[in-house]
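# Breakdown of the fold
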Amino acid sequence: MEFSIVAQTLEILEKTTSKIQQASTLAMLFKRTPANVIDKVVYFLQGTLWPDWKGMPELGVGEKGIQKAIALAVGVNESEVEKLYKSLGDYGLVVERLKLGKQSKGSGLETFIKTTKTEQKKLDVDTVYNTLAKISMLQGEGSRDMKIRLLTALLMQADPREAKFIVRFVEGRLRLGVGEATIMDGLASAFGAPRDVIERAYNLYPDLGAIAKMLAEKGPSVLKEIKPTPGIPIRPMLAERGTDPVEILNKTGVPALAEFKYDGERGQIHKKGDTIWIFSRRLENITHQYPDVVEIARKQIKANEAIVEGEIVAIDPETGEFKPFQELMHRKREKDIYKAVKEVPVVVRLFDCLYVDGVDLTSRPLPERREWLKKIIEETDAFKIAEHMLVKDAKELETFFYKAIEGGCEGLVVKSIKIDSVYQAGVRGWLWVKYKRDYKSEITDTVDLVVVGAFHGRGKRAGTYGALLLAAYDPDTDMFVTVCKVGTGFTDEELASLPKKLEPYKLPQKHPKVYSELEADVWFEPALVAEIAGAEITLSPVHTCCWGWVKQGTGLSIRFPRFIRWREDKGPRDATTTKELYEMYLKKLRKISEKPETKTEEV
Ligand code: ATP
């Protein structure tokens, strides 16, 4: 298949933010894509070479390398490429412009020869994909030059538009604004497959390329055969948030299973014989960060094959007390993992079981899954089932909540044990409700917001950013809507490191998926997630979160926001949603109306 068809589609996709239009454009592309390359096309659309859980594909070409490859491919000086980049701010546009310039300059015989040459050697999807895969796999001495050479050859063969998208892909900035949901919509309409069946398949087997290939080769019925498989992560079930015990139990029903909410890293542990994998909440393979957990899981899981879930929590080796989530970052940064294992020991608190020796448990109710968990785990201090209690009423729930706080936890996760309490992979629903409390602020819970822009600092903050523009996620429109600017709560070190930390996500203009009425000094691709505490949620004429939901011409904002920490375990679409913020706002209003003596806010 010619790569120009993909490039053409990418250009159409880039120009629209309508999800419906994007899905129908994708459906057209999928229909004309042969089954043997459809997986590669889907990965390209996602800006990747394979799903992250197979090992993050890193092209490792870098800005200088891209500059050089463009210069060599087009036959200009690197300084010219650099100069053009300064005015366009996008290497994709740079290469396109240079190639177009070359084409128009060539005249007569030269153009004729060139056109005939390109016509003979049109780029195909396989060549593009395989070259990029080769670039990502090259390592060690001399690999940098080799990578640049391969990229140069690819760019020479590409037409201007193809070159633009190849360069953006290599830079990791395809910026199409096409999410996995839209790709699934496109697949559903191209292959006549029910959307929910595709989604369930994807939740159990998060590889859209592979799913597209199965659909193209065998048709929709094949998706029903997808089952949990050790080594392939399952998208995690998530919890809604509650702030009132009575309301929480209304949602879950009674009795409910209340469990300590540990403040660590979620780990999905897979076992097949002696092989263990650990996947993070974002489905990254984090096995290498926890050799101690691997060893213990291998010993204490008694089934031959199993998938269990738990929270990996750092502990103080002296006192055995839990330490906060940030301690685990040490495991990610320390090169010598065995040193990190010694310095930051961890324990695992298990809370679910999704698969045992050929039996798919995801559609079984929670009590049954817990029975399986008990059966296959031999508990030790470091590897045991989460503290839990069957609660019958709000009073019991409240008492258990304080026990969890005293025990060094964030609060509770309250879970339904009704007959329909299945494992809803990839879904945030009311079968699980988290109950946390942040005593320091009126907002009973912190929120996780995405950095979409920044404002230059002045005075003491010159040279770094004075404030970041933060957004919530609206899953219905797949847009990021602004909530607040945050400039407090950062340590001096964090402040100084902001420009470097945000550099990879810098954009020349606002990202198409960002809806903001404010003009930031610098725009970013929505990628980094920050945890924010604040005084309260208020109406705002400036911020676009829940725009018009409460009152025409106003959105929701957070007053006195304060940076708490980076949530490196969350992706932009895992951020707090508009719906969640809206609920939090309504709760606040309800509280105000319950207490007549409190000054009511002007609405
Ligand atoms: P948060 O930011 O509040 O941790 P989240 O968005 O990462 O939430 P949620 O599903 O909303 O994820 O909240 C539940 C999270 O709490 C899980 O992802 C898991 O990491 C953690 N957790 C700790 N203890 C438990 C438990 N007993 N049961 C389920 N999840 C638990």
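None of these values were measured; they are calculated from a predicted model. (Residues numbered from 1 in each chain as written. Predicted model: local features only at pLDDT ≥ 70, side-chain atom pairs only at ≥ 80, totals over all residues. Heavy atoms only, no water.)

### Remarks on the environment of leucine 354
Mapped onto the secondary structure, leucine 354 falls in strand 6 (residues 346-356). By relative accessible area, leucine 354 is classed as buried at 0%. On a C-alpha basis, the gap between leucine 354 and isoleucine 286 in space is 19 Å, while along the polypeptide they are 68 residues apart. Setting aside its immediate chain neighbours within four residues, leucine 354 contacts Pro228, Ile234, Gln268, Ile307, Val359, Asp360, Leu361, Thr362 and Tyr423. (Helix = DSSP H or I, 4+ residues; strand = E, 2+ residues; numbered from the N terminus. Buried < 20%, exposed > 50% of the residue type's maximum accessible area, 1.4 Å probe, protein only. Contact = heavy atoms within 4.5 Å.)

### Quick notes on the nonpolar core
By size, the foremost hydrophobic cluster in this structure holds 94 residues, and its most contacted members are Leu45, Ile70, Leu132, Ile166 and Leu223. By residue number, the principal contributor to this core is helix 3 (residues 35-45), which donates 7 residues. Mapped onto the domain boundaries, this core takes at least three residues apiece from domain 1 (48-171) and domain 2 (238-440). (Core = buried A, V, L, I, M, F, W, Y, C linked by side-chain atoms within 4.5 Å. Domains from an automatic or database assignment.)

### Some thoughts on the site of the ligand
Taken together, the neighbourhood of the ligand is formed by 19 residues, with Glu311, Arg428, Lys434, Arg567 and Lys570 sitting nearest. Arginine 567 places a polar side-chain atom, nitrogen or oxygen, 2.8 Å from an oxygen atom of the ligand. Its free accessible area being 590 Å², the ligand has 97% of it covered by the protein chains. By residue class, the composition of the shell around the ligand is 7 nonpolar, no polar and 12 charged. Counting contributing residues per domain, the shell around the ligand is built from domain 2 (238-440) and domain 3 (446-593), each supplying no fewer than three. (Near = heavy atom within 4 Å. Polar contact = N/O pair within 3.5 Å; in protein donor to acceptor, adjacent residues only side chain to side chain. Areas by Shrake-Rupley, 256 points an atom, 1.4 Å probe, with all protein chains shown as cover. Nonpolar A, V, L, I, M, F, W, Y, C, P; charged D, E, K, R; others polar.)

Shape is all these values report; function is a separate question.
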